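Listed below are the residues making up each chain.
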Amino acid sequence: MRLSNASLGQLPAQIGRPAYDRSKVTGSIVHLGIGAFHRAHQAMFTDAVLESVGDLSWGIVGAGVISADMQKALVPQDGLYTLAEMGADSENLRVIGSIVGVFGGVEDAPALLAKMSDISTRIVSITVTEKGYCLDPATGKLQIQAPAIAADLANPATPKTILGLIVQALKNRKEAGIPPFTVLSCDNLPQNGKLAKAAVLAFAQEVDAGLAKWVEAEVRFPSTMVDRITPATTDADRARVNGLIGLEDAWPVVTEEFCQWVIEDTFTMGRPQWDKAGAIFSDELESWENMKLRCLNGAHSTLSYLGQLTGRETVADAMQLPLITDILDPLWVEIREVLHAPKGVNTADYVESLKHRFRNPSLKHRTAQIASDGSQKLPQRLLAPLRDRIAKGLASPAIATAIAAWMLFAVKTASENAVMNDPLASEILERARRSLKIEEIVGNLLGLEKIFGTDLPANAAFRAAVVEKMRVLAKTSGVSVPAGLQA
Ligand code: CS2
């Protein structure tokens, strides 16, 4: 039997479930990108508020902007799904009820746009990953020429991208005299609110300068720091969760116990009391974001490329390898040396907690998943602390190792003719194919201006450090280097 409102009562007693009246929950938040991450994080916080505060005016209508798969999974389940929180040797399951409607894919874009234009929508939140914003990774500027953006700009009344949808919905609201919703980016980007605002403004400017002025003055774009490690759901997860709940859930979410959400408290039409569910409202977003993006995600990326080069399939497996932890430890030192921590936070403790989280053997977090989209991730995760160190005259051998690992991964992918998941894959692979000589590999890949800008390729000390570290990696036993690599 399928998980749904009707079958909720059949869940085993130990499985948590909504006690609130779901039929009374208003879908006042439209969420763009209802993948696993959103459902492990914001939807969980919102469910906890519905449960504990009893204010039913804040439910979520989700949208899979690109694909209708989630809609197909969740509509027959009335939006319900199971969240499995995995500790090293514990598992806590709860059925989450905060998603009360689901749009799916491009075909549903007109209905989604109508909902976003309606006064009932008070927040539009987003998790579409770094590449979903179509920003230039090095500068953070909107790529007006990107095909999807250009198509939406040519037909702004029938948008398909998140930026096109947001701008058109805001335009409709402005014309109808409806106040604007808040745009809440929950993606792993530095100052994600500011970046989202700049992207929306750049798009609006192309459509109508008056609209852009109104957006600038009236719309709020709070920044947020979101943190919960959430691997993609596997068939094995489905089977295990379904066995435990005794019902069929087409798309459960598996995540860790840890969960953190820090939000800048600036909203146009109110907000749920997410703080009652443990979220932190703060005015120190930049510090929170940098700490998380650099210490957690920077280490994650490093570990994923090294994991790919050493045949380690999951993060927990990679954490067992001294050659990897011996690189992560000094990396964290380099990152912390130029970090401005949020008040009351000890970054050494933060890093210790990350090691514990990364070692969680129950989470099968694939290094291949994290290794995707490197072009979109390296700038804020590793190149930003690198630039801070360069500005202070500090050398960065561990960051250089991380970049060397990414480059070796690119050359290996190219030499094996394997697929690289990255919006810049063709440019990266083309450069990765040019040479098998370490010095030339480094020069060719550092020349990717969209990733490294113009300052880093011109920095002789950094370039030499990457060359040296690539040579060290190539000689390290256990590291599988691309065939034909020449020191
Ligand atoms: C990961 C993140 O896939 C990745 O790039 O680094 O998704 C990471 O698991 C989350 O940011 C944790 O909050």
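Each value, and the rule that gives it
- Residues numbered from 1 in each chain as written.
- Predicted model: local features only at pLDDT ≥ 70, side-chain atom pairs only at ≥ 80, totals over all residues.
- Heavy atoms only, no water.
- Domains from an automatic or database assignment.
- Contact = heavy atoms within 4.5 Å.
- Buried area = accessible area lost by both parts, 1.4 Å probe.
- Salt bridge = Lys/Arg side-chain N within 4 Å of Asp/Glu carboxyl O.
- Polar contact = N/O pair within 3.5 Å; in protein donor to acceptor, adjacent residues only side chain to side chain.
- Helix = DSSP H or I, 4+ residues; strand = E, 2+ residues; numbered from the N terminus.
- Nonpolar A, V, L, I, M, F, W, Y, C, P; charged D, E, K, R; others polar.
- Core = buried A, V, L, I, M, F, W, Y, C linked by side-chain atoms within 4.5 Å.
- Buried < 20%, exposed > 50% of the residue type's maximum accessible area, 1.4 Å probe, protein only.
- Phe/Tyr/Trp six-rings, centres within 6.5 Å; stacked < 30°, edge-to-face > 60°.
- Lys NZ or Arg CZ within 6 Å of the ring centre and 35° of its normal.
- Pairing = 2+ DSSP bridges.
- Near = heavy atom within 4 Å.
- Areas by Shrake-Rupley, 256 points an atom, 1.4 Å probe, with all protein chains shown as cover.
- Axes fitted to C-alpha atoms, helices over the stretch in contact; angles between N-to-C directions.

Draft legend 1. Focus on the domain arrangement of the protein chain. Per the domain assignment, the segments of the protein chain are domain 1 (8-281) and domain 2 (285-475). Computed over C-alpha atoms only, the centres of domain 1 and domain 2 are separated by 28 Å. Taken together, the contacts link 35 residues of domain 1 with 31 residues of domain 2. Carbon and sulfur atoms supply 60% of the area that domain 1 and domain 2 bury against each other, a total of about 2,600 Å² over both sides. For domain 1, the biggest contributors to the area lost against domain 2 are Glu 130, Pro 137 and Ile 229; these three give 22% of the whole. Taken together, domain 1 and domain 2 are joined by four salt bridges. For the interface between domain 1 and domain 2, the tally reads 13 residue pairs in polar contact (both at pLDDT 80 or more). With four residues, the top contributor of residues to the side of domain 1 that touches domain 2 is strand 8 (residues 224-227). A class-by-class count of the residues in the side of domain 1 that touches domain 2 yields 17 nonpolar, eleven polar and seven charged.

Draft legend 2. Molecular detail of the nonpolar core. If you look at the biggest cluster of nonpolar residues, it comprises 86 residues, and the most contacted ones within it are Trp 406, Met 407, Leu 445 and Phe 452. Sort the elements by how many residues they give to this core and helix 16 (residues 397-415) lands first, with 14 residues. Domain assignment of the residues forming this core places at least three in each of domain 1 (8-281) and domain 2 (285-475). Not counting chain neighbours up to four residues away, the residues in contact with Leu 445 comprise Trp 406, Met 407, Ala 410, Val 411, Ile 428, Arg 431, Ala 432 and Phe 452. Core analysis: the second largest hydrophobic core is formed by 42 residues, Val 128, Cys 134, Val 183 and Val 200 among them.

Draft legend 3. Structural view of the packing of aromatic side chains. Within the structure shown, the criterion is met by six aromatic pairs. For the pair Trp 261 and Trp 274, a centre-to-centre distance of 4.6 Å together with 50 degrees between the ring planes defines the contact as tilted. Of the two residues, Trp 261 sits in strand 10 (residues 260-263) while Trp 274 sits in the loop between strand 10 and strand 11 (280-281), which places them 13 residues apart along the sequence. Looking at Trp 261, the relative accessible area reads 0%, which means it is buried. For Trp 274, a relative accessible area of 0% corresponds to the buried category. Connected via pairs of aromatic rings, a cluster forms that spans Phe 45, Trp 261, Phe 267 and Trp 274. Here Arg 357 stacks its cationic end above the ring of Phe 258, 3.7 Å away from the centre of that ring.

Draft legend 4. Broad picture of the pairing of strand 1 (residues 27-32). For strand 1, the buried fraction is high: six of the six residues fall into the buried class. Looking at chain direction, strand 1 and strand 2 (residues 59-64) are connected through five bridges and run parallel. Directly across from Leu 32, in strand 2, lies its bridge partner Ala 63. Where strand 1 lies against strand 6 (residues 123-126), four bridges are found, and the strand directions are parallel. Bridging from a neighbouring strand, Leu 32 pairs with Ile 126 of strand 6.

Draft legend 5. Main features of the sheet that holds strand 8. The three strands are arranged 8-10-11 in an open sheet whose pairing can be described as mixed. Unpaired on one side and paired on the other, strand 8 and strand 11 mark the two borders of the sheet.

Draft legend 6. The arrangement of the environment of Glu 85 in detail. Positionally, Glu 85 belongs in strand 3 (residues 81-86). With a relative accessible area of 18%, Glu 85 lands in the buried category. Separated by 97 residues in the primary sequence, Glu 85 and Thr 182 have C-alpha atoms spaced 30 Å apart. Those residues in contact with Glu 85, other than ones at most four positions away along the chain, are Ser 90, Glu 91, Asn 92, Arg 228, Thr 255 and Glu 256. Within the structure, Glu 85 has its side chain in polar contact with the side chain of Arg 228 (distance 2.9 Å).

Draft legend 7. Region of the structure containing the site of the ligand. In the vicinity of the ligand, the contacting residues are Asn 188, Val 226, Asp 227, Arg 228, Ile 229, Lys 292, Asn 297, His 300, His 365, Ile 370, Lys 377 and Arg 381. At 2.6 Å from an oxygen atom of the ligand is found a side-chain nitrogen or oxygen belonging to Lys 292. Protein contacts shield 89% of the accessible area of the ligand, which totals 340 Å² for the unbound molecule. Counting only elements with at least two residues in the shell around the ligand, the list comes to strand 8, helix 10 (285-309) and helix 15 (374-391). Counting residues per element, the shell around the ligand draws most heavily on helix 10, at three residues. Split by residue class, the shell around the ligand holds three nonpolar, four polar and five charged. Looking at which domains feed residues into the shell around the ligand, each of domain 1 (8-281) and domain 2 (285-475) supplies at least three.

Draft legend 8. Quick look at the sheet that holds strand 3. Strand order in the open sheet formed by three strands is 4-3-9, and the pairing between neighbours is mixed. On the outer flanks of this sheet lie strand 4 (91-96) and strand 9 (253-256), each paired with one strand and no other. Geometrically, the sheet is characterised by an average inter-axis angle of 25 degrees between neighbouring strands, direction not taken into account. The pairing of strand 3 with strand 9 spans four bridges and is parallel. By the bridge assignment for strand 9, Glu 85 is matched with Thr 255. Along the sheet face, helix 9 (residues 235-245) touches strand 3, strand 4 and strand 9 and points at about 80 degrees away from the line of strand 4.

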